[in-house]
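Given next are the chains, with one letter for each unit.
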Amino acid sequence: LAASVAVAGPRLQVGAQAPQFSAVDQDGEEWDLARLMGRRTVLFFFPRANTPGCTAEARRFAELWQRLDQQGVRVLGVSRDLPATLARFRAKHALPFTLLSDPNGAVRGAYGAVKQGGAPLRSTVVLAEGGGVEAVWYGVRGAAEHPDAVWAFVQEDR
C-alpha cells in the first residue's frame, strides 16, 4: 500500500522492522519505538497543525479513535510543530490521541515521510505489535478521507 511519490528518506517496505526513533509529545513526554511494542500503532505524519488538511485529517482520526482503540490500535500523529503548538492543537480540536513533535525531521526522515527538498510528506504507517511495518501510505491525498482507508485496512487485516 504505497503510492509512487518522490520521497527523500528511505521508503519503508511492508514486512520490514520499523526504524528506531525518539520524540517528545505535546506534554514533553519521551516516546520511542520500544514504547510502541505490544500494540498495533497508526503513525500519521502531517505537515503542520491548524492547517485545513491537517486539521481535517486529525479530526477524522479522532472520530475513528474509539473504534481503533477498541481494536487494540493506538493512534499517534507526528508533525514538525513544537510541543506547545501540538498541545494547543490537541486541546482546540479535542484530539484523544498523542501528538509527537519532530521539529528537525528525524522521525519523518527515518520513516520516509519527507519530500525531496525536505518538506514534510503526508504519510501513514501501520505498525504491528512487534514493530513490523504492516502498511504504508506515502503522499496521501484526500486528508479528510484517508483515516477511513486506514480504518478499513485495520479491520480487514484483523
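None of the values given here were measured: they were computed from a predicted structure.

Caption draft 1: Up close: helix 5 (residues 146–156). Along helix 5, the positions that sit buried rather than exposed are His146, Pro147, Val150, Trp151, Phe153 and Val154. Projected down its long axis, helix 5 shows its buried positions confined to an angular sector of 160°, all on one face. Against strand 3 (40–45), helix 2 (52–70), strand 4 (73–79), strand 6 (123–127) and strand 7 (133–138) lie the buried residues of helix 5.

Caption draft 2: Highlighting the nonpolar core. Residues Phe46, Phe61, Leu68 and Phe97 are the most contacted members of the largest nonpolar core, which totals 25 residues. The dominant element in this core, judged by the number of residues it contributes, is helix 2, at 6 residues. The residues contacting Phe61, other than those within four sequence positions of it, are Val42, Phe44, Leu68, Val75, Phe97, His146, Pro147 and Val150. Formed by 21 residues, the second largest nonpolar core is a distinct cluster that contains Phe21, Leu100, Tyr111 and Leu121.

Caption draft 3: Quick peek at the sheet that holds strand 3. Spatial ordering of the open sheet is given by 2-1-5-4-3-6-7, a layout of 7 strands whose pairing is mixed. Pairing within the sheet leaves two strands with one partner each, and these edge strands are strand 2 (30–32) and strand 7. Taking the axes of each pair of neighbouring strands and ignoring which way they run, one obtains an average angle of 30° across the sheet. Sheet topology note: the strand 1 (residues 22–25)/strand 2 ladder contains 3 bridges and is antiparallel. Residue Ala23 lies in a different strand from strand 2, and its bridge partner there is Trp31.

Caption draft 4: Highlighting the pairing of strand 5 (residues 98–101). Of the two faces of strand 5, the one holding Thr98 and Leu100 and the one holding Leu99 and Ser101 are both buried throughout. Two strands pair when backbone bridges link them, and strand 1 and strand 5 are joined in this way by 2 bridges, in the antiparallel orientation. Counted as the bridge partner of Val24 is Ser101 from strand 5. Handedness of the strand 4-helix 3 (residues 83–92)-strand 5 crossover: right-handed.

Caption draft 5: Molecular detail of the packing of helix 2 against helix 5. Running from N to C, helix 2 and helix 5 cross one another at 25°; their axes reach a closest spacing of 8 Å. When the axis of helix 2 is compared with that of helix 5, the two are roughly parallel. Note on packing geometry: the crossing formed by helix 2 with helix 5 is right-handed. Contacts between helix 2 and helix 5 involve Glu57, Arg60, Phe61, Leu64, Arg67 and Leu68 from the former and His146, Pro147, Asp148, Val150, Trp151 and Val154 from the latter. Of the residues contributing to the contact of helix 2 with helix 5, the split by class is 7 nonpolar, 1 polar and 4 charged.

Caption draft 6: Quick peek at the environment of Arg141. Residue placement: Arg141 occurs in the loop between strand 7 and helix 5. Residues Arg141 and Glu129, 12 residues apart in the sequence, show an inter-C-alpha distance of 27 Å.

Caption draft 7: How the structure looks around the pattern of salt bridges. Inspection of the entire model under this criterion finds 7 salt bridges. One salt bridge connects Glu29 with Arg35, and the closest N-O pair in it is separated by 2.5 Å. Judged by relative accessible area, Arg35 falls into the partly exposed class, the value being 34%. Salt-bridge contacts for Asp148 lead to Arg60; the nearest nitrogen and oxygen are separated by 2.6 Å.

Cut-off values and rules
- Residues numbered from 1 in each chain as written.
- Predicted model: local features only at pLDDT ≥ 70, side-chain atom pairs only at ≥ 80, totals over all residues.
- Heavy atoms only, no water.
- Buried < 20%, exposed > 50% of the residue type's maximum accessible area, 1.4 Å probe, protein only.
- Helix = DSSP H or I, 4+ residues; strand = E, 2+ residues; numbered from the N terminus.
- Arc of directions from axis to C-beta.
- Contact = heavy atoms within 4.5 Å.
- Core = buried A, V, L, I, M, F, W, Y, C linked by side-chain atoms within 4.5 Å.
- Pairing = 2+ DSSP bridges.
- Axes fitted to C-alpha atoms, helices over the stretch in contact; angles between N-to-C directions.
- Right-handed = clockwise from strand over helix to strand, strands pointing away.
- Parallel < 35°, antiparallel > 145°, perpendicular 65-115°, else oblique.
- Left-handed = near helix turned anticlockwise from the far one by under 90°.
- Nonpolar A, V, L, I, M, F, W, Y, C, P; charged D, E, K, R; others polar.
- Salt bridge = Lys/Arg side-chain N within 4 Å of Asp/Glu carboxyl O.

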